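# Survey of secondary and tertiary structure
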Amino acid sequence: MSVSRGPRDRVQILDEEGTVREGATVPDIDDDSIVEMYREMRLARHFDGRAVSLQRQGRMGTYPPLSGQEAAQVGSAMALDDSDWLFPSYREHAAAHVRGVGLDRTLRYWMGDERGNAHRGLNVFPVAVPIATQILHATGASWAADLRGDDAAFLCYFGDGATSEGDFHEGLNFAGVFDLPAIFFCNNNQWAISVPRERQSASETLAQKAHAYGFEGVQVDGMDPLAVYQVTRDAVTKANDPEAASDESPGRATRPTLIEAVQYRFGAHTTADDPSVYRDDDEVERWRQKDPIPRLETYLRDRGLLDDESVDAIGRSVEDEVAAAIEAAESTSRPEPSDMFDNVFAERTDPVAAQAAHLEQLRERYGDEELLE
């Protein structure tokens, strides 16, 4: 399967019932890995539910749910090589876990501990909450790697709303001009917070935006983990093999790829959001029929790789892992408020130092309890 296709040709391998579509080719992935893909998706779904519950109980700050996006995150992250890099937005908890970021670290970050956002040695960039800024970071990092001659692809996640930001266009334009090993992965979950997809871009697809910058765009069923894995794997191969890529289309950028993963977020944009205000229950239910987890489970059962016993065992292990992560996160000593100033730059700049000093003055004058009310 080649990534060089029209942006309107949505790639799908598993239909909504979990059956391989006629004419589709299952990606070359071994049995153990595909079962692990299923487990990672189950883990992400259970973690997501527990994290929302923690926030509702006042045990964690605002949290961005991911349910519905497990296939897009797990399938794409598993397609990376060890040397490749992952640049998340703020919702890629499952993708980060695939790359080795512990769930306890993710919880610590959303509990207000910046130490949970430091992923040394894992080739995972810190979480980016501002919309689309990570696109520039990924593009710059891919350029640096290209100049050094490193063999690495740079996978950058963002939502459909980010495609209306200037950073998106600047990053993709730069990647096209310099033919960089960058993969831009758009999680088109149908809503840019409360703005529907059709109100924030008039383009027929988001994948076709890549053509303006001289490289390929591909649209994939983002709730089909096998299709996401295959499309991302093709993009990684293309990014890391510039000679082969150049042979395909001389004179234009061939290494970058824009992937539009069409999907749906079942829950709220964040726990501070009320989606019932702007979308109806019928819409949510229609998309739940495309749920990626039962689709993959059906496929694995049909192949004899899962049965009731193994499914139950995975469920128990997932619950245990998430429970252990919550305990580890909550038992970690909380940082001092002043520590937040140590995670802006490598060393405090004068303006940052001045802000830190001002906070200390306020704490001395009013006390922490007064400031927290």
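Residues numbered from 1 in each chain as written. Predicted model: local features only at pLDDT ≥ 70, side-chain atom pairs only at ≥ 80, totals over all residues. Heavy atoms only, no water.

Our focus in this paragraph is the sheet that holds strand 3 (residues 182-188). To summarise the sheet geometry, strands pair through backbone hydrogen bonds and adopt either a parallel or an antiparallel arrangement. What the five strands build is an open sheet, ordered 1-2-3-7-6; its pairing is parallel. Edge positions in the open sheet fall to strand 1 (85-87) and strand 6 (216-221), since each of these has one partner strand only. Going from strand to strand, the sheet's axes swing by 20° on average, the running direction of each strand aside. Pairing analysis gives six bridges linking strand 2 (residues 154-159) to strand 3, with the strands arranged parallel. Each bridged residue has a counterpart across the sheet, and for Tyr157 the counterpart in strand 3 is Phe185. Contacting strand 2, strand 3 and strand 7 (257-262), helix 6 (residues 166-177) runs over the sheet at an angle of about 150° to strand 3. (Pairing = 2+ DSSP bridges. Helix = DSSP H or I, 4+ residues; strand = E, 2+ residues; numbered from the N terminus. Axes fitted to C-alpha atoms, helices over the stretch in contact; angles between N-to-C directions. Contact = heavy atoms within 4.5 Å.)

Let us look at a nonpolar patch on the surface. A cluster of nonpolar side chains, namely Trp143, Leu147, Val177 and Phe178, defines an oily patch on the protein surface of about 410 Å² accessible area. By the secondary structure assignment, Val177 is in helix 6. Of the residues examined, Val177 reaches a relative accessible area of 57% and is grouped as exposed. (Patch = residues over 30% accessible without salt bridge, like charges linked within 9 Å, V, L, I, M, F, W, Y side chains within 5 Å. Areas by Shrake-Rupley, 256 points an atom, 1.4 Å probe, with all protein chains shown as cover. Salt bridge = Lys/Arg side-chain N within 4 Å of Asp/Glu carboxyl O. Buried < 20%, exposed > 50% of the residue type's maximum accessible area, 1.4 Å probe, protein only.)

Evaluation of the coordinates by the stated rule reveals 18 salt bridges. For Arg295, the salt bridge is made with Asp221, and the minimal N-O distance between the two is 2.9 Å. On the criterion of sequence distance, the pair formed by Arg295 in helix 11 (residues 292-302) and Asp221 in strand 6 is long-range, its members being 74 residues apart. The class of Arg295 is buried, set by a relative accessible area of 2%. Residue classification places Asp221 among the buried positions, given a relative accessible area of 8%. Three or more residues joined by partner-sharing salt bridges are found here, namely Glu336, Glu360, Arg363 and Asp368.

Let's shift gears to the environment of Gln219. Note on placement: Gln219 falls in strand 6. The exposure class assigned to Gln219 is buried, which follows from its relative accessible area of 6%. When the C-alpha atoms of Gln219 and Arg39 are compared, they prove to be 25 Å apart, with 180 residues separating the residues in sequence. For Gln219, the side chain forms a polar contact with the side chain of Arg10, separated by 2.9 Å. (Polar contact = N/O pair within 3.5 Å; in protein donor to acceptor, adjacent residues only side chain to side chain.)

Regular strands place side chains that alternate from one sheet face to the opposite one. Of all six residues in strand 6, six are buried, a share of seventy percent or more. Of the two faces of strand 6, the one carrying Glu216, Val218 and Val220 and the one carrying Gly217, Gln219 and Asp221 are both buried. Across six bridges, the pairing between strand 6 and strand 7 is parallel. What sits directly across from Glu216, in strand 7, is Thr257.

Attention shifts here to helix 4 (residues 103-110). Spacing of three or four residues puts side chains on the same side of an α-helix, whose turn is 3.6 residues. The element helix 4 is largely enclosed, with a buried count of six among its eight residues. Within helix 4, burial applies to Leu103, Thr106, Leu107, Arg108, Tyr109 and Trp110. The inward-facing, buried residues of helix 4 contact helix 1 (31-56), helix 3 (93-98) and helix 12 (308-331). Positive backbone phi, approximately 95°, marks Gly112, located one or two places after helix 4.

For the structure shown, the criterion picks out 13 aromatic pairs. The ring of Phe266 carries the charged tip of Arg288 above its face, separated from the ring centre by 4.5 Å. For the cation-ring pair, Lys290 lies above Trp287, with the distance from its terminal atom to the ring centre recorded as 5.5 Å. (Phe/Tyr/Trp six-rings, centres within 6.5 Å; stacked < 30°, edge-to-face > 60°. Lys NZ or Arg CZ within 6 Å of the ring centre and 35° of its normal.)

Turning next to unusual backbone geometry. In this structure, Asn123 is a non-glycine residue whose phi angle is positive, near 55°. Looking at the element boundaries, Asn123 is found in the loop between helix 4 and helix 5 (133-148). For Asn123, a relative accessible area of 17% puts it in the buried group. Phi is positive for Ala132, close to 80°, though the residue is something other than glycine. Turning to its location among the elements, Ala132 is positioned in the loop between helix 4 and helix 5. Classification of Ala132 as buried rests on a relative accessible area of 1%.

Turning our attention to the nonpolar core. Nonpolar side chains in soluble globular proteins tend to end up buried together. With 63 residues, the main nonpolar core has Leu107 and Leu296 as its most contacted residues. Setting aside chain neighbours within four positions, we find Leu296 in contact with Leu14, Ile34, Met37, Tyr38, Met41, Pro225 and Leu226. Judged by nonpolar contacts, the second largest core, of 23 residues, contains Ala132, Ala145, Leu172 and Cys186. (Core = buried A, V, L, I, M, F, W, Y, C linked by side-chain atoms within 4.5 Å.)

The buried fraction of strand 3 amounts to seven of the seven residues, a majority that puts the element mostly inside the structure. Every second residue of strand 3 is oriented toward a common face, with Ala182, Phe184, Cys186 and Asn188 on one face and Ile183, Phe185 and Asn187 on the other, all of them buried. In the classification by handedness, the crossover that spans strand 2, the intervening helix 6 and the parallel strand 3 is right-handed. Both strand 3 and strand 7 contribute to a ladder of six bridges, which runs parallel. The partner of Cys186 across the bridge, within strand 7, is Glu260. (Right-handed = clockwise from strand over helix to strand, strands pointing away.)

Let us now look at the packing of helix 5 against helix 6. At their nearest, the axes of helix 5 and helix 6 sit 8 Å apart, and the two run at 15° to each other. The angle between helix 5 and helix 6 places the two elements in the roughly parallel class. Between helix 5 and helix 6 the crossing geometry is left-handed. Contacts between helix 5 and helix 6 involve Thr133, Ile135, Leu136, Thr139 and Trp143 from the former and Asp167, Phe168, Glu170, Gly171, Leu172, Phe174 and Ala175 from the latter. Residues of the contact of helix 5 with helix 6, tallied by class, amount to seven nonpolar, three polar and two charged. (Parallel < 35°, antiparallel > 145°, perpendicular 65-115°, else oblique. Left-handed = near helix turned anticlockwise from the far one by under 90°. Nonpolar A, V, L, I, M, F, W, Y, C, P; charged D, E, K, R; others polar.)

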